[in-house]
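Here is what each chain is made of, one letter per residue.
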Amino acid sequence: MTGIKIDGKEIAQSVKDRVRKAVEELKNQGINPCLATVLVGDNPASATYVKNKHKACEEVGIITKDFKFASEISQLELNKKIDELNNDKTVHGILVQLPLPSQLDEFFTTSRISPLKDVDGLTPHNAGLLAMKKAALVACTPLGVMEMFDYYKIDLDGKNIVLINRSNLVGKPLYHLLLARNATVITCHSKTKNIKELCQHADIIITAVGDRNKFTLTPDMIKKDAIVIDVAISRYNEKLVGDTDYEQIIQKASYATPVPGGVGPMTVAMLLKNTITAASLSSQIER
């Protein structure tokens with residue numbers, strides 16, 4: 001008997017429906033939620049991501065402002081634009097698309113964004129609040145994973161979770177979110193020596209390596225009826241894949257996410273939700 005597919009498209013649509021209603025409520029109060037995106041360079045993948053984010057905003061009624069810069073832009077010039085957006089009261093969320101060209105510092109760039117407009121949840125201020133269970137704006141992908149658990153009413157209390165990622169975008173914020181739900185979380189990475197054994201004892205495995213040449217989560221690494229969340233996405237043998245082969249994993253897992261169609265759609269949906277949260281926060285401060 002196969003497990004249950006965690007359908008990211010379905011959950012993302014439910015989030016968009018809620019966001020659309022929230023946008024209408026804010027507009028009735030005279031607030032027009034607005035997301036500003038900053039794209040540096042001509043990376044095709046980054047351009048596609050930004051385009052998809054604008055399209056999703058349009059679907060729910062969020063206004064967008066699109067700022068594109070040549071890859072040669074200096075840190076000083078980029079800082080100036082971020083400062084302008086921080087001071088623009090018509091802009092509620094700011095997203096700088098990563099990665100950035102080598103001459104630009106990603107940490108200093110994202111840290112310059114106002115914490116109240118930090119819809120990616122990457123500023124040190126918001127990261128610190130998350131560790132203290134006080135964050136209003138949290139990194140979109142981890143927030144999307146938590147939304148998946150809630151949608152399928154998966155209780156995390158006391159669960160043993162293996163998290164295979166320690167990045168600022170996924171692993172670290174997700175660790176704090178899971179810990180806040182009373183899960184016992186083990187974070188694994190490239191230097192972890194006994195990943196297979198740890199996975200075999202886990203109730204839930206969340207994997208986000210994104211390189212099949214280095215890591216694949218196989219059925220023999222999970223126990224029967226475990227839950228598998230595959231955050232990774234990469235191109236392998238001319239196909240978009242995650243860290244798992246879904247068709248094999250779902251034969252053993254109680255729940256699992258496919259790639260594509262799993263966590264991916266949730267990231268954009270939670271960006272929309274964060275933009276609404278940021279708009280609401282700004283309106284409260286102005287009052």
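To start, this report covers the structure provided alongside it.

To continue, consider the packing of helix α1 (residues 8–28) against helix α6 (residues 140–151). Interhelical geometry of α1 versus α6 gives an angle of 95° and a closest axis separation of 10 Å. Relative to α6, α1 is oriented roughly perpendicular. Mapping the contact onto sequence places G8, E10, I11, S14, V15 and R18 in α1 and E147, M148 and Y151 in α6. Among the residues forming the contact of α1 with α6, the class breakdown is four nonpolar, two polar and three charged.

The next thing to look at is a positive patch on the surface. Together, R166, K172, K191 and K193 make up a positively charged patch on the protein surface. Locating R166 in the fold gives a position in the loop between β5 (160–164) and α7 (171–180).

Our next topic: the pairing of strand β3 (residues 63–69). Taken together, the seven bridges between strand β2 (residues 34–40) and β3 define a ladder with parallel strand orientation. Note on β3: the bridge partner recorded for L35 is T64. Following the chain from β2 across helix α2 (residues 44–60) to the adjacent parallel β3, one finds a crossover that is right-handed.

As a further point, take the nonpolar core. Membership of the largest hydrophobic core comes to 52 residues, with the highest contact counts inside it found for I62, F149, L178, I206 and I229. Elements with a minimum of two residues in this core: α1, α2, α6, β5, α7, β7 (204–207), β8 (227–230) and α10 (263–286). Top contributing element to this core by residue count: α10, with nine residues. Every residue in contact with I62, bar those within four places of it in the chain, is listed here: V19, V23, P33, C34, L35, C57, L272, T275 and I276. Of all hydrophobic cores here, the second largest spans 18 residues; its members include C199, F215, I250 and A253.

What follows concerns the packing of aromatic side chains. Enumeration over the complete set of coordinates arrives at three aromatic pairs. A centroid spacing of 5.3 Å and a plane angle of 65° characterise the contact between Y151 and Y152, whose relative ring orientation is edge-to-face. Ring plane angle 70° and centroid distance 5.9 Å describe the contact between Y152 and Y255, whose orientation is recorded as edge-to-face. Residue Y152 is found in the loop between α6 and β5, and its partner Y255 is found in strand β11 (residues 255–256); the two are separated by 103 residues along the sequence. We classify Y152 as buried; its relative accessible area is 17%. Of the aromatic side chains, those joined through ring pairs into one cluster are Y151, Y152 and Y255.

Turning our attention to the sheet that holds strand β4 (residues 93–96). If you trace the three strands from one edge of the open sheet to the other, you get β3-β2-β4, paired in parallel fashion. Looking along the sheet, the strands with just one partner apiece sit at the ends: β3 and β4. The average angle at which neighbouring strand axes cross in this sheet is 15°, direction not considered. Across the face of the sheet, α2 comes into contact with β2, β3 and β4 while running at roughly 170° to β2.

Here we take up the pattern of salt bridges. Charged atoms that come close allow side chains of opposite charge to pair. One pass over the structure, following the stated rule, counts twelve salt bridges. Between R181 and D150 there is a salt bridge, with its nearest N and O atoms 3.0 Å apart. Remark: D150 occurs in helix α6 and R181 occurs in the loop between α7 and β6 (184–188); sequence separation between them is 31 residues. By relative accessible area, R181 is classed as partly exposed at 31%. Ionic contacts of the salt-bridge type, sharing partners, join the residues R18, E147 and K273 into one network.

Under the defined criterion, the tally for this structure stands at zero disulfides. Free of any disulfide, C57 has its nearest cysteine sulfur in C34, 8.7 Å distant. Overall, the relative accessible area of 0% leaves C57 in the buried class. Of all cysteine sulfurs in the structure, the one in C57 sits closest to C140, which takes part in no disulfide; the separation is 11 Å.

Moving on, we come to the sheet that holds β5. What the six strands build is an open sheet, ordered β1-β11-β8-β7-β5-β6; its pairing is parallel. Edge strands, defined here as strands with exactly one partner in the open sheet, are β1 (4–5) and β6. Bridging between β7 and β8 involves four bridges; their strand directions are parallel. Bridging across to β8, I204 finds its partner in I227.

Next up on the list: the side chain of S234. Turning to its location among the elements, S234 is positioned in strand β9 (residues 234–236). Apart from residues no more than four positions distant in its own chain, S234 is found in contact with G210, D211, K239, L240 and V241.

Basis of the calculations
Sequence order as written defines the numbering, with residues in each chain counted from 1. Since the coordinates come from a predicted model, pLDDT governs what is reported: local features require at least 70, and pairs of side-chain atoms require 80 or more to be given and counted, while whole-chain, interface and lining totals use all residues. Side-chain measures here rest on the full set of heavy atoms in the structure, leaving out hydrogens and waters. As a rule, the C-alpha atoms of each element are fitted with a line to give its axis, helices using only the stretch in contact, and angles between N-to-C directions run from 0 to 180 degrees. Runs of H or I in DSSP of at least four residues are treated as helices and runs of E of at least two as strands, each being numbered from the N terminus. For classification purposes, angles smaller than 35 degrees are called roughly parallel, those larger than 145 roughly antiparallel, those between 65 and 115 roughly perpendicular, and all remaining angles oblique. What makes two residues a contact is simply this: any of their non-hydrogen atoms within 4.5 Å. Polarity classes work like this: nonpolar for Ala, Val, Leu, Ile, Met, Phe, Trp, Tyr, Cys and Pro, charged for Asp, Glu, Lys and Arg, and polar for all others, with Gly in that last group. Distance thresholds for patches are 9 Å for like charges and 5 Å for nonpolar side chains (Val, Leu, Ile, Met, Phe, Trp, Tyr), applied to residues having over 30% relative accessible area and no salt bridge. Accessible surface area values rest on a Shrake-Rupley calculation with a 1.4 Å probe, where residue burial reflects the displayed protein chains alone. A pair is scored as a salt bridge if a Lys or Arg side-chain nitrogen falls within 4 Å of a carboxyl oxygen belonging to Asp or Glu. Lys and Arg are tallied as positive, Asp and Glu as negative. Neither His nor the chain termini are counted. Here the site of a charge means NZ on Lys, CZ on Arg, CG on Asp, or CD on Glu. Criterion used throughout: strands pair if DSSP finds at least two bridges between them. The definition of a right-handed crossover adopted here requires that, viewed with the strands pointing away, the path from the first strand over the helix to the second runs clockwise. Among buried residues, those of type Ala, Val, Leu, Ile, Met, Phe, Trp, Tyr and Cys that are joined through side-chain atoms within 4.5 Å constitute a nonpolar core. Relative accessibility decides the category of a residue: with a 1.4 Å probe and only protein chains considered, values under 20% of the type maximum give buried, values over 50% give exposed, and everything between is partly exposed. In this scheme Phe, Tyr and Trp rings, the latter by its six-membered ring, pair at centre separations within 6.5 Å, and the angle between planes marks the pair as stacked below 30 degrees, edge-to-face above 60, and tilted otherwise. Any cysteine sulfur atom paired with another within 2.5 Å is treated as part of a disulfide.

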